[in-house]
Amino acid sequence: MFLYLGSIGASLSKLSLIFKIIIIVIVYVIILFALRIMYKDIKNGGSRKPSRKKTFGLEVVEPGDNQNLRRGSVIPINRETTIGRRDDNSVILKEGYVSGHHARIYLRNTDYIMEDLNSTNGTILNGKKVEKKVYIKAGDEIKIGSALFKVIG
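Quick caveat, the model's predicted, so the values are computed rather than measured.

Reading guide: rules and limits
Residues numbered from 1 in each chain as written. Predicted model: local features only at pLDDT ≥ 70, side-chain atom pairs only at ≥ 80, totals over all residues. Heavy atoms only, no water. Pairing = 2+ DSSP bridges. Helix = DSSP H or I, 4+ residues; strand = E, 2+ residues; numbered from the N terminus. Buried < 20%, exposed > 50% of the residue type's maximum accessible area, 1.4 Å probe, protein only. Patch = residues over 30% accessible without salt bridge, like charges linked within 9 Å, V, L, I, M, F, W, Y side chains within 5 Å. Areas by Shrake-Rupley, 256 points an atom, 1.4 Å probe, with all protein chains shown as cover. Salt bridge = Lys/Arg side-chain N within 4 Å of Asp/Glu carboxyl O.

Q: Help me understand the sheet that holds strand β8 (residues 128–129), please; the structure alone is not making it clear to me.
A: The antiparallel open sheet is built from six strands, whose spatial order is β2-β1-β11-β10-β7-β8. Each of the sheet's edge strands pairs with one partner strand only, and the pair in question is β2 (74–76) and β8. Across five bridges, the pairing between strand β1 (residues 57–62) and strand β11 (residues 147–152) is antiparallel. Paired with Leu-58 across the bridge in β11 is Val-151.

Q: Before we go on, may I ask you to explain the sheet that holds strand β9 (residues 133–136) in this structure?
A: Either a parallel or an antiparallel arrangement is found when strands of a sheet pair, and the pairing is made through backbone hydrogen bonds. The sheet built from five strands is open, its strands ordered β4-β3-β5-β6-β9 with mixed pairing. Two strands in the sheet have a free side with no partner beyond their single neighbour: β4 (91–92) and β9. Judged from the four bridges that link them, strand β3 (residues 80–84) and strand β5 (residues 103–108) form a sheet pairing that is antiparallel. Across the sheet, Ile-83 pairs through a bridge with Ala-103, a residue of β5.

Q: Can you help me understand unusual backbone geometry in this one?
A: Negative phi is the rule for most residues except glycine; trans is the rule for most peptide bonds. In this structure, Asn-126 takes a positive phi of about 50 degrees despite not being glycine. Turning to its location among the elements, Asn-126 is positioned in the loop between β7 (124–125) and β8. Despite not being glycine, Lys-132 shows a phi value in the positive range, around 80 degrees. Inspection of the secondary structure puts Lys-132 in the loop between β8 and β9.

Q: How do you make sense of the environment of Thr-120 when you look at a structure like this?
A: Position of Thr-120 among the secondary structure elements: in the loop between β6 (111–116) and β7. Judged by relative accessible area, Thr-120 falls into the exposed class, the value being 66%. For Thr-120 and Gly-100, which are 20 residues apart along the polypeptide, the C-alpha to C-alpha distance reads 9.7 Å.

Q: Looking at this structure, I do not really get a nonpolar patch on the surface. What am I missing?
A: On the surface, Ile-23, Ile-24, Val-27, Tyr-28, Ile-31, Leu-32, Leu-35 and Met-38 cluster together into a nonpolar patch covering about 800 Å² of accessible area. Mapped onto the elements, Leu-35 comes out in helix α1 (residues 2–44).

Here it is in structure tokens:
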């Protein structure tokens with residue numbers, strides 16, 4: 001009878017040793033995975049490309065008759081920006097030559113498009129009157145009423 005209990009104790013100590021070894025192996029595997037992830041982060045360093053597109057906006061070159069604009073200030077353009085005399089526009093130009101809803105600039109895929117909203121006096125892009133929709137890019141000049149903007153980005 002004592003012999004039987006002794007063999008159970010021996011098998012339990014062997015089982016305990018096996019569990020200890022399994023736990024140690026699991027801990028080492030977790031450490032190895034963590035080190036591998038850290039190595040990849042260090043190896044890539046700052047080479048990740050930013051997921052967001054460059055900032056795009058309108059720089060006020062000449063505020064004209066608009067007291068609310070300052071020369072050199074920048075109006076950011078995200079998804080859509082509307083320009084006009086009414087208070088519900090993103091950019092409000094308080095002058096007689098600007099229509100209530102004069103123009104809008106919006107993002108489509110990766111391109112920015114400016115659209116004249118059938119304004120009375122028109123929207124001027126690089127010295128030419130805009131007829132409906134046109135693509136705009138950095139460096140373009142937009143004239144609405146007496147205000148002049150330069151596209152930056």
